[in-house]
Every structure is written in C-alpha cells, then in structure tokens.
There are 2 protein chains.
Amino acid sequence: MPDFSIGVDLGGTNLRIAAVSTEGDLLEKVTLSTKLALGRDHVIGEMCDAIQSLTGKYNQTGKFLGAGIGFPGIVDMQTGMLRKAANFPGWENYAARAEIERRLGFAKNEARVVLENDARVAALGEQWLGAARGVSNMAVLTLGTGIGGGIVLGGKIWHGMNGMAGEFGHVTIEPEGHPCGCGNRGCAEQYASASAIVRMAREAIASGEAPSLAKAASSDAGFGAKSIYNLAIQGDEPARRIFKNFGRYLGLLLADLVNVLNLEMYVIGGGASSAWDAYAPSMFEELRQRSVVYAVTAPTDPLGNSPGKKETAADAKARIERKTIITRALLGSDAGLYGAARVAALAG
Amino acid sequence: MPDFSIGVDLGGTNLRIAAVSTEGDLLEKVTLSTKLALGRDHVIGEMCDAIQSLTGKYNQTGKFLGAGIGFPGIVDMQTGMLRKAANFPGWENYAARAEIERRLGFAKNEARVVLENDARVAALGEQWLGAARGVSNMAVLTLGTGIGGGIVLGGKIWHGMNGMAGEFGHVTIEPEGHPCGCGNRGCAEQYASASAIVRMAREAIASGEAPSLAKAASSDAGFGAKSIYNLAIQGDEPARRIFKNFGRYLGLLLADLVNVLNLEMYVIGGGASSAWDAYAPSMFEELRQRSVVYAVTAPTDPLGNSPGKKETAADAKARIERKTIITRALLGSDAGLYGAARVAALAG
C-alpha cells in the first residue's frame, strides 16, 4: 500500500475528512456537518477524532505523511493562526494548528499539520488531479459567494509573503463601484460571484424591466444564481444580460491576471462557474480585448478548451505550443479535499 | 579576479555595455549612441564589437560567463526572437539571439547570450544590488513613457509561460478609460506614466483652469513631466492635483499587485518615479484602502520606507516582521545594466 495523507475541507456547512494516497487515490472519506453552534473546541474535536480514526486504519499499510486542512478564511502560514473567518464567529486569532497538533499528539519532526486557505488548496487539487493535471504553473478562481483564488507555481502553492497571494476577489475592477466588505470599492467579487449575480438580478427587478426575474424572485423561495441561470438558458433577455455582464467582469479580472502572471492555465471553479455557457462568450471577448498577453498567446479557439468538448487536434496543438488556456474546474468541491491532502504530503 | 559577465542596455537612444563581476562590481562601462537609422545590423555589430573588446580584456583574469541584453520590447524567451518593439522599426520578428551568438562566435555549451525585456532585467538589478538587495520576492514598476514591469521570485526573474509576466502597464484600472496602443482601454500606463502626466496637464490647460501650466507649456520648449513636477513643488494647485491623481492610479495598480502576488517589496523606478513626494501620499492612501493584503501587512509608517529617510528602529522592526514594503528604486538606469549582467551570470 502506498503512503497517504489526510485532507480536510473545513467548511461552514460540511466538515469532510479524507485519507488520500500519494498517488491520488481516495482511500476513505468521512462527511460530517460543521456544528459551529457548539463552539470551535467541539468542531476541532470531531475533526481530530475522524483524522485519528482514519490514520489508525490506514497506517498499518502505508506511512502517514500528515494532515492538511483547508479553511475559508485568512490563515497565517508562519504561526498556524486563523486570522479572519467571516463565517466562523469566535475563530479569529485562534492558534488552530497548535491545538490540532496537541490533540493529535503529534511530536515535533513527526507528521505535519498544515493549515491553508480553502481556495489555495482547491488550486493545488485541480493542479494535482483536475483540470490542470500536468500543468506546473496555474491559478484557480473559485466563484462562490465571494471569489477565492489560488496560484500554483512549479507544482506548489505560491503563498507570497504571508500566505495571502491569490486574493483575486479583491482586485479592483470598477474603481468607483460597489463597496466591498474589505473596505475597498469595486472589488471583483462584487461583480463576478454568485452574490453579484443575485444583486444584478435585484437591480434589474427594481428597474421594472425584468418581469420573468421578478416573477421568479417572488415565487421561488430559493431564488438565487441558479434560478437566474435557468431563466438565461430559456432565453430570458434580462437574465442573459446579467450573465453577459458577469462574463465581462470576469474577463477583465482574468485579463489582469494574465498580464501580471502569464501562467499556462487559469481554471474557473466554484458554484457560479457552472453557468459557463451563459458567460464564457463575453468573458473570452473581454479577455482578448483587454489582455495584451492573451492576445499574443491565446489558442485559436478558446472555447475548444471547455471540458465539455473532446480535445481536437487543434486544441492539442495549442496546448503543445504553450498558449494561455482558460478552462473549467473538474473536481468540484473535492478539489479542496484532494489539495489539502496533497499539501500535507508535499510538506511531510 | 572574480568571474564576470556582460550586461547590455539596448535603449532607443543609448547603447550601454558593461562588464560586471559576479560580486556586483562594475569593471568597465561603454556608452554608445544607438544608431537606429543605420539599421539593426549596424547596431548589433557595434554592440558585439564592444562585448568582444570587453571580454578580451577581462577574460585574462576571470571566467566570462555570458552576455545578457535588456531590450525595450517583447522578447520570446524560448526562441530568442524579438517580437514587438515600438521604437525599433524593422526589428520585429528578428532572430536577435542567434545573430548575436553567430557574431560573437559562441559555440554551443559555451558562454550564453540571454535576451530579456528591459523592465525584467531592471527588476533583477534592483533585487541584486539596489532597493531590494536581500529580498527574494519582489517586483519593479518602471514608470517612463509607459509602465514596464518585472517580477523576481526566489532571486530569479519570473518569466511566466512566454516571458510576458509583469505587463503591469496593461492592467485595466479604468474600465471605460483612455484607449491604449495595446487595443485595451484604461490601461495603467494611460494614468501612471510620464505620458499620462503630460496628457493630464494638457487636459487641465484645455479646461482653462490651469494658467501656470498653460504658461509653462507655451514658454517651455521641453515642457514635460518634469516641468509639471516643478510647478507642483512650487505649490501650483492644478499641477499638484495631477500628481495626486497619478498617485491614486498608481496606488490602485499596486493594490491589485499586492492582492494577487503578496510579495515582500514593490519598487517604483523610472523617470516619473522621481516625483515621489508629489504622488506618494495619495498612492499610499489608495493602497491602504484598496488592498486587503496591504491593510493587514503594511508597515505602520509606510513613508518611513522612502530611501530619502534613514531607517528608523520602527522601520527595521517592520522589515523584520515581513511587512509589505513599497519603496523607490535606487539604481536609476543602471538597474537594467546590472540586471542584464546578472541574468547572464545566473544562466552561465
């Protein structure tokens, strides 16, 4: 049996713990609900119990390399402290790594515990086993309530100085735009996230020119980005316009990243990314126009890189010529789980 | 005597060739004018003659490691071709590296010729011997007619896939802004370059509300960014406002870079950077507001990092705590020369 590590996806709703071999095989996955109301000690306790149960089971047959934990907030890589965590009240400035190591009974120089931002580990997951398998230098944009980001260089997460590289959601794309929770205005996540889609729909409803959206919003208790997407694919013009704008803003953000980083691949993931066919045309149009690097290095048919389509000879040629590829994520929410396991294996 | 390499700064006006030791000592520098009108063969010939003269002189005492050439245009790193070069008519798609190697009579596996974009080598120069000495991960923004950029990671130029990483001048900072030569609108170099300062002055003059600027423009044949700066430091309000806006736009660009890259240091160089005292306050204000990463990682007194000021104990502490530093370049136009020599030494 091969060596293995543990990957943890510590989300606001679900707590998932997986044992993953160094070859990328899922040995076992445990899914719990994250009982935030019972306090952080309880949540960390349940997580550590699951880690111990899995390691006890699989370290008979392979070496345990460590545990990686993806967390939706700002993580101080040097100290292992959680700095900011919007959906985890009471977890700020919490020395999580030390507490987890204590509970797991890890001695120094033994298996490691690595805390990481969830979007960074998702990037590593897609690079290891997903859309960017075999691509050394890439970035992932995770379009959810906000926008998460991760950069992988040479097959490893690029942390920057304090683990904060990849804050793509706070790149300014509209200087006098909507205020953002970070204190800035016009951040990308105010325009190219699931929340942005809903806000644009509410604006369209308020203008009185989006009757289908108004009807859906009043009749559908779960009205959200998905309902708006459903209207868009049925041809509803105001809904289509929302995704067109979403694509434009995402294209602008991507153009900035392409001009700054000149990576081989940019992977679009997260819930809102699944509306690909509704926003991709305007995204690519904007990207071509705004990125001097993309204009020089784009494949002839960027849509040919969509994962729904089989790779054509022309696509393969484009890949070989090392053109800039923009494509969809393949692993869904498992990207973070695999990436967290990978980060522990690389550190171990 | 130590080993040495040759650095070349091939500019539109001057052609400078220097022999530099691996320890960073300038052994000798030759400055010629770039006789573009005589054609590229003539210019390359003069450059190669100077390289041979210097190597002949210094390879008696130390090993010659190679020649690095910084060029103001897009360079294809893999093929050694010059791709785009606005101020070098007839040099596009020119296999410059092969031609230079042929003229120098370099055999394979011998000393190397490395062609690089001029802003990338300037970044490496500042990292090796300038403002970022001892800082492994940093970027340089060169504010001239346009904006050049270079990223250094782990002490080496980060090229990206095709040597095009660092195109900071084409990051969109005003989505519906001024058209740029690259085909985009609202590129950073339309707002935070020497040309942008002159354009903003012409706009102020046209508005009829900048009498001092109007007077300077009509009486001063060499009216440019420097004349506008002189008015600003004399307290002329319209001139001050131009630098304030320049600082805001530069701060917005820096905030994007800080959020994406989380580097230890960002160095501002180029002719327009010398107006630091006129634009730095609004630059830092914008940066604090727009960058979530900078807000968390900024030194308490960012102005304390200005090179005009001696480092205080607080500054030193901030450096040690690995805060984001924004500072001025130290090497001026020699950054490119040293960086080009360094790139050849690292490749050799």
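All values derive from a computational prediction rather than experimental measurement. (Residues numbered from 1 in each chain as written. Chains lettered and ligands numbered in written order. Predicted model: local features only at pLDDT ≥ 70, side-chain atom pairs only at ≥ 80, totals over all residues.)

Visitor: Which residues make up the overall build of chain A, and what values go with them?
Guide: Scanning chain A for helices and strands turns up eleven helices and twelve strands. Relative to a compact globule of 348 residues, whose C-alpha radius of gyration would be 20 Å, chain A shows 21 Å and is just as compact. C-alpha atoms of chain A, sized along the principal axes, occupy 60 × 50 × 35 Å. Looking at the 348 residues of chain A, the share that counts as buried comes to 54%. Looking at chain A alone, contacts between residues at least 24 apart form 63% of all its contacts between residues at least 6 apart. (Helix = DSSP H or I, 4+ residues; strand = E, 2+ residues; numbered from the N terminus. Rg over C-alpha atoms; globule rule 2.2 N^0.38 Å. Buried ≥ 20, exposed ≤ 12 C-beta atoms within 10 Å, placed from the backbone. Contact = placed C-beta atoms within 7 Å.)

Visitor: Account for the domain arrangement of chain A, with residues named and values stated.
Guide: Residue and element names in this part refer to chain A. Assigned domains within chain A: domain 1 (4–124 + 336–347) and domain 2 (134–329). Placing a centre on the C-alpha atoms of domain 1 and another on those of domain 2 gives a separation of 28 Å. Counting residues at the interface gives 13 residues for domain 1 and 16 residues for domain 2. A total of six residues in the side of domain 1 that touches domain 2 trace back to one element, the largest contributor, which is helix α3 (residues 118–129). For the side of domain 1 that touches domain 2, the class distribution of residues is nine nonpolar, one polar and three charged. (Domains from an automatic or database assignment. Nonpolar A, V, L, I, M, F, W, Y, C, P; charged D, E, K, R; others polar.)

Visitor: Quick one: what's the story with the relation of the copies chain A and chain B, residue by residue and with numbers?
Guide: Least-squares fitting of chain A to chain B yields an RMSD of 0.0 Å, with the transformation described by 0.0 Å of translation along the axis and a rotation of 180 degrees. Such a turn and shift between the copies fits a two-fold axis. (Least-squares fit on C-alpha atoms with pLDDT ≥ 70 in both.)

Visitor: So, the interface of chain A and chain B: which residues are in play, and what are the values?
Guide: Interface size is commonly expressed as the accessible surface area that is lost when the partners come together. Contact residues are listed per partner, giving 35 residues for chain A and 34 residues for chain B. For the side of chain A that touches chain B, the secondary-structure elements that each account for two or more residues are α7 (237–261), α8 (276–290) and α9 (292–297) of chain A. Here the element with the most residues in the side of chain A that touches chain B is α7(A); it accounts for seven residues.

Visitor: Lay out the pairing of strand β11 (residues 265–269) of chain B with the relevant residues and their values.
Guide: Residues and elements named next belong to chain B. In terms of residue burial, β11 counts as a mostly covered element, since five of its five residues are buried. The side-chain alternation of β11 yields two buried faces, one formed by M265, V267 and G269 and the other by Y266 and I268. Pairing geometry for strand β8 (residues 138–143) and β11, over five bridges, is parallel. Residue pairing for β11: T142 is matched across the bridge by G269. Looking at chain direction, β11 and strand β12 (residues 325–328) are connected through four bridges and run parallel. Bridge pairing in β12 places I268 opposite R328. (Pairing = 2+ DSSP bridges.)

Visitor: Lay out helix α1 (residues 40–58) of chain B with the relevant residues and their values.
Guide: Residue and element names in this part refer to chain B. In this model α1 runs 27 Å from its N-terminal to its C-terminal C-alpha over 19 residues, within 8% of the 27 Å that 1.5 Å per residue would give. Among the residues of α1, V43, M47, C48, A50, I51, L54 and Y58 are the ones counted as buried. The buried residues of α1 occupy an angular sector of 160 degrees when the element is viewed end-on, so they sit on one face. Turned more than 90 degrees away from the buried face of α1, the exposed residues are D41, G56 and K57. Looking at the packing, one finds that the buried side of α1 touches β1 (4–10), β2 (14–21), β3 (26–33), β4 (64–71) and α2 (96–104). (Expected span 1.5 Å × (residues − 1). Arc of directions from axis to C-beta.)

Visitor: Account for the packing of helix α7 (residues 237–261) of chain B against helix α8 (residues 276–290) of chain B, naming residues and giving values.
Guide: All names here are of chain B. Packing of α7 against α8 leaves a shortest axis separation of 7 Å and a crossing angle of 35 degrees. Here α7 and α8 pass one another in a crossing that is right-handed. Here α7 contributes R240, F243, K244, F246, G247, R248, L250, G251, L252, L254 and A255 to the contact with α8, which in turn contributes A278, Y279, A280, P281, S282, M283, F284, E285, E286, L287 and R290. Here the contact of α7 with α8 is composed, by residue class, of 13 nonpolar, three polar and six charged. (Axes fitted to C-alpha atoms, helices over the stretch in contact; angles between N-to-C directions. Left-handed = near helix turned anticlockwise from the far one by under 90°.)

Visitor: Tell me about the sheet that holds β2(B), and name the residues and values.
Guide: Residues and elements named next belong to chain B. One open sheet accounts for five strands, arranged β3-β2-β1-β4-β7; its pairing is mixed. Two strands bound the open sheet, and with one partner strand each, they are β3 and β7 (112–117). Neighbour-to-neighbour, the strand axes of the sheet open up by a mean angle of 15 degrees, direction not taken into account. Here β1 runs beside β4; their pairing, made up of five bridges, is parallel. Across the sheet, the residue bridging to D9 is G70, located in β4.

Visitor: Give me the lowdown on the confidence of the model for chain A, citing residues and values where you can.
Guide: All names here are of chain A. Averaged over every residue, the pLDDT of chain A is 91; the share at 70 or more is 92%. When pLDDT is averaged over each helix and strand of chain A, the minimum, 51, is found for helix α10 (residues 313–320) and the maximum, 98, for α7. Prediction confidence for the complex, expressed as pTM and ipTM, is 0.91 and 0.91 respectively. (pLDDT = per-residue confidence, 0-100.)

Visitor: Explain the pairing of strand β8 (residues 138–143) of chain A to me, and be specific about the residues and the numbers.
Guide: Residues and elements named next belong to chain A. With six of six residues buried, β8 is to be regarded as a mostly interior element. Side chains M138, V140 and T142 of β8 all project onto a buried face; the interleaved residues A139, L141 and L143 project onto the opposite face, where all are buried too. Summarising the sheet, β8 and strand β9 (residues 147–153) pair through six bridges and their orientation is antiparallel. The partner of A139 across the bridge, within β9, is I151. Linking β8 to β9, which pair antiparallel, is a turn of three residues.

Visitor: Would you mind going over the sheet that holds strand β10 (residues 156–157) of chain B in detail, with residue names and values included?
Guide: Residue and element names in this part refer to chain B. Spatial ordering of the open sheet is given by β10-β9-β8-β11-β12, a layout of five strands whose pairing is mixed. Two strands bound the open sheet, and with one partner strand each, they are β10 and β12. For strand β9 (residues 147–153) and β10, the ladder comprises two bridges, and the chain directions are antiparallel. By the bridge assignment for β10, V152 is matched with I157.

Visitor: Which residues make up α7(A), and what values go with them?
Guide: Between its terminal C-alpha atoms α7(A) stretches 35 Å, which fits the 36 Å expected from 25 residues at 1.5 Å a residue. Remark: N262(A) follows α7(A) within two positions and exhibits a positive phi of approximately 50 degrees.

Visitor: So what about unusual backbone geometry? Which residues, and what values?
Guide: Residues and elements named next belong to chain A. Unlike most non-glycine residues, N93 shows phi in positive territory, near 55 degrees. Its place among the elements puts N93 in the loop between β6 (81–84) and α2 (96–104). Exposure remark for N93: the 11 C-beta atoms within 10 Å place this residue in the exposed category. Unlike most non-glycine residues, N262 shows phi in positive territory, near 50 degrees. In this fold, N262 is placed in the loop between α7 and β11 (265–269). When the 25 C-beta atoms within 10 Å are taken as the criterion, N262 is described as buried.

Visitor: So what's going on with the nonpolar core? Which residues, and what values?
Guide: Within the largest apolar cluster, 241 residues are counted, with the highest numbers of intra-cluster contacts made by L253(A) and L253(B). Once you skip the residues sitting within four places of it in the chain, L253(B) turns out to touch F168(B), V171(B), I173(B), A188(B) and A192(B). (Core = buried A, V, L, I, M, F, W, Y, C linked by C-beta atoms within 7 Å.)

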